[in-house]
Structure formats: structure tokens, C-alpha cells
Amino acid sequence: MAHNNLVNNPPTLGFGLMRLPEVDGSIDMQQVKTMVDDFMAAGFTYFDTAWGYMDGKSEETLRKAVVERYPRDAFTVATKLPIWLMKEKQDPEHYFTQQLERTGAGYFDYYMLHALGADRLEMLDQLDVWTFLSGVKQSGRAKHIGISFHDTAEVLDGILRAHPELDFVQLQINYADWDDEKVQSRLCYETCAKHGKAVIIMEPVKGGSLAGMSDKVQSVLKEIHPDDSIASWAMRFCGSLDNVITVLSGMSNIDQMQDNINVMKDVQPLNEQERAAIDHVRGILSGMPIIPCTSCRYCVEECPQKIQIPNILNHYNDYLLYDNLIGARRGYRLFSGNPVKASECIQCGLCETRCPQKIGIIDALQQCVKVLEV
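As the structure is a prediction and not an experimental result, all values here were calculated from the model.

Caption draft 1: Spotlight on the nonpolar core. Formed by 90 residues in total, the largest nonpolar core has its most connected members in F15, I147, L171 and I173. Counting residues per element, this core draws most heavily on helix α10 (residues 230-239), which supplies seven residues. Apart from the residues within four sequence positions on either side, L171 is in contact with F149, L156, C188, Y189, C192, V199, I200, I201 and M202. Core analysis: the next-biggest nonpolar cluster, separate from the first, contains 23 residues, C303, Y316, A328 and A342 among them.

And the structure:
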């Protein structure tokens, strides 16, 4: 059974402090404070941050915009241990202590291992990070412990079998990724339900990609609700799910905040007609021409430059599918495998000899350079 003391029905709205408004290259603190005030005034209290968000400034922003302006029992704080920085057994405690200082929160309501996948499990065992995670809950420095997860449902099932002490899992869930073979939103969600773990939803609008899209896609949704934002469909899809604590949205301005508040303050589950419309949108997206990369990574094994070719092609495909150039460029900049960029391809052709899909990778990377590198 789900952890009923954590699950909300319907789910609440969470404020993700990952894509905050900026002015002249710095966080626009005044606008953030206004957004926080609007969020709290609407009855929402959940704030999500992490060590690396906003170039390491997100946790400090939480302190200035929330912790120093509201009583501690009026809001909920979630943050994450940057497990990719863990090298020694004392590192988890070192970073946790700094996060308490950065946020000024005194304790965390939700604390999780950040961006967990199969490639980091051995390290977590070697450094005894699981024992540390249980310890912060036992000491009262974190009320609930969990993981932010990016991998397959099979990997998640293994983790939850090995670590029943976890209270929740944070998952990337949105209607575009629901049945995606790589993201496996639905399968991971169902795995959590099987193990009785509550779910926190991240990326409900897929980094902003489901807030726009092509006119052809938008017309399907506007025909039913002409006055509703395109993003509201994505939020309502997630708000219709059971076993959910909160639906996080990385809001970048007051207008996005207000739209999400309007949707989630009295979220209406999708009806049959609306679900059919989303299925129609999925069909349009699946039929759009994209680079047919399956992320087998054979190309990376041969690349003398060690360019993360599948990552780069995936961001370019996101641009083709969702017409979200800003989001695609942001994803490319953060997650493509920098500092090795697509422009560092030496056109040796080894990647193309290994590609099972027979993709013209050299030409594809050149196109990625033109579109994504700025």
C-alpha cells in the first residue's frame, strides 16, 4: 500500500527552484519573492531545490526567499545529495551539513539521493551512503528519505527491494514520456505502487516542451479548451494520478506561477474526451520525423573524442518534436556531456560504421551544432 501519510489526493503543486527568473545574469530575487508569496497565498507549501541548481545558488535562494521570510512550520523543504560528487565516506555528511547551512532550514522534510541510476549503485554501496541516508532520518535531520531516479523500471525494482527503508521516489513523469521505452514513466510509476512508495513528479511539462509545441498539436487541445494553456494539459495529466505527493514545476516567471496555481488549486482529473485528445497528441508526436537513435551507445565506444552522441541527438530530437529551442539548448548545455561538444567532431566516421540504425551521424552532429550551440 502507498504511504498514506505522504500522499495527497489530489496532488499538490510543488515549486521547483531549478529554472528561476534571472536579470542581468543573476537570479531576480524580487520576482522570486513575489512568486513565493503568490504560491504560499494560494495554499501551497512545497519547495524543491538541489545542490547544483542555478549554478549552486538555488539553496541559498530558498533561504532568502522562503526560510528567512516565513515560519519554519509554514513550508516544506526538499533537497538532494549530489551523489556524483561523493568520493570518500565522509562526503555525504560534509555536503549535507553545507546544505543545512545554505538553506538555513534546520532540517529537511524530504531528502533524497539525486539523479540515481544503475551506474552509481556500486559507489553508493562502497561509501555506505545508504546507511548515511537512513541516519539523517533517524536523527531527525530529515523527516522522509528517498531517491530522485533516472533509469529503467527494472533497476528501480531492484533498488526498492534492497532498500525498503525509502519513503518515496521522485520520477520524471509526463504524458509524452508515459510509455517512452527509455524514460519508462509509467513502468517506474507502477513499480513504486507495487512497493508501496509514494511518488513525487518532476518534469510534468518536460522542461517546458509541453507548454508550446507545433500549431498542429496545439489545435488538438485548443479545440476542446480554447482558453486553457497548453501547459495546463500536462499538469492535469500528472494531477490525475494516484499515489502522488506533489507535482513539481520549475516556474520561471510570475505568469507561469499563476497558470500552475489556477490549474492545481482545484485540479480536475482528465475525462475520457481529454485523455483521447492527449492520445491523439502522442500519435502526432510519434509520427514526426526525428533522428532514429536508440541510445545503444556503440558510436560512443568508437569515438576518439568521446562525444556523447546519443545525448546530443536526443536534445536535437526534443527540438524537432516540441519546437522548444530554449529548452533544447538548455538541455544540451547542461547534459550533453560537456565540455566535449558536437562541434569537436573530427568527422573520422568511426561512429557511422558502428551505428545499427545507419544514421548519418556526421551530418546530424553538424546540424546539432547549427541549432544547439550558441
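So much for the structure itself; the text now carries on.
Caption draft 2: Representation of the sheet that holds strand β5 (residues 76-81). The strand order β1-β4-β5-β6-β7-β8-β9-β10 describes a closed barrel built from eight strands, whose pairing is parallel. Within the sheet, the average angular offset between the axes of one strand and its neighbour, ignoring direction, is 30°. Here four bridges tie strand β7 (residues 142-149) to strand β8 (residues 168-172), and the two strands are oriented parallel to one another. Among the inter-strand pairings, F149 is bridged to a residue of β8, identified as L171. Sheet strands in contact with helix α6 (residues 129-138) are β5, β6 (108-116) and β7, and its direction is about 145° off that of β7.

Caption draft 3: Highlighting the pattern of salt bridges. A full pass over the atoms with the stated rule returns 19 salt bridges. The salt bridge involving R19 is made with E203; its shortest N-O contact spans 3.0 Å. Of this pair, R19 sits in the loop between β1 (12-16) and β2 (22-23) while E203 sits in the loop between β9 (198-202) and α9 (215-222), and the two are 184 residues apart along the sequence. E203 matches R19 in its accessibility class, with the two residues each being buried. Here R236 and E274 are joined by a salt bridge, their closest N and O atoms 2.8 Å apart. In this pair, R236 is assigned in helix α10 and E274 in helix α12 (residues 272-286), connecting sequence segments 38 residues apart. You can call R236 buried: its relative accessible area is 11%.

Reading the values: the criteria
- Here the residue numbering is sequential within each chain, running from 1 through the sequence in written order.
- Per-residue local features are limited, in this predicted model, to residues with pLDDT of at least 70; the limit for side-chain atom pairs, both in listing and counting, is 80 or more; totals at the level of whole chains, interfaces and linings are taken over all residues.
- As a rule here, side-chain values come from all non-hydrogen atoms in the structure, and water together with hydrogens is ignored.
- For this analysis, a nonpolar core means a set of buried residues of the types Ala, Val, Leu, Ile, Met, Phe, Trp, Tyr and Cys, connected via side-chain atoms within 4.5 Å.
- Buried means the residue's accessible area, taken with a 1.4 Å probe over protein chains only, is under 20% of the maximum for its type, while exposed means over 50%, and partly exposed covers the values in between.
- Under the DSSP-based scheme used, a helix requires at least four consecutive residues in state H or I and a strand at least two consecutive residues in state E, with every element numbered from the N terminus.
- Contact criterion: two residues are considered in contact whenever any of their non-hydrogen atoms come within 4.5 Å of each other.
- A pair of strands is labelled paired if DSSP reports no fewer than 2 bridges between them.
- Axis lines are fitted to C-alpha atoms, over the contacting stretch for helices. Their N-to-C directions set the angle, which ranges from 0 to 180 degrees.
- We define a salt bridge as a side-chain nitrogen of Lys or Arg found within 4 Å of a carboxyl oxygen belonging to Asp or Glu.

All we've got here are geometric facts, nothing functional implied.
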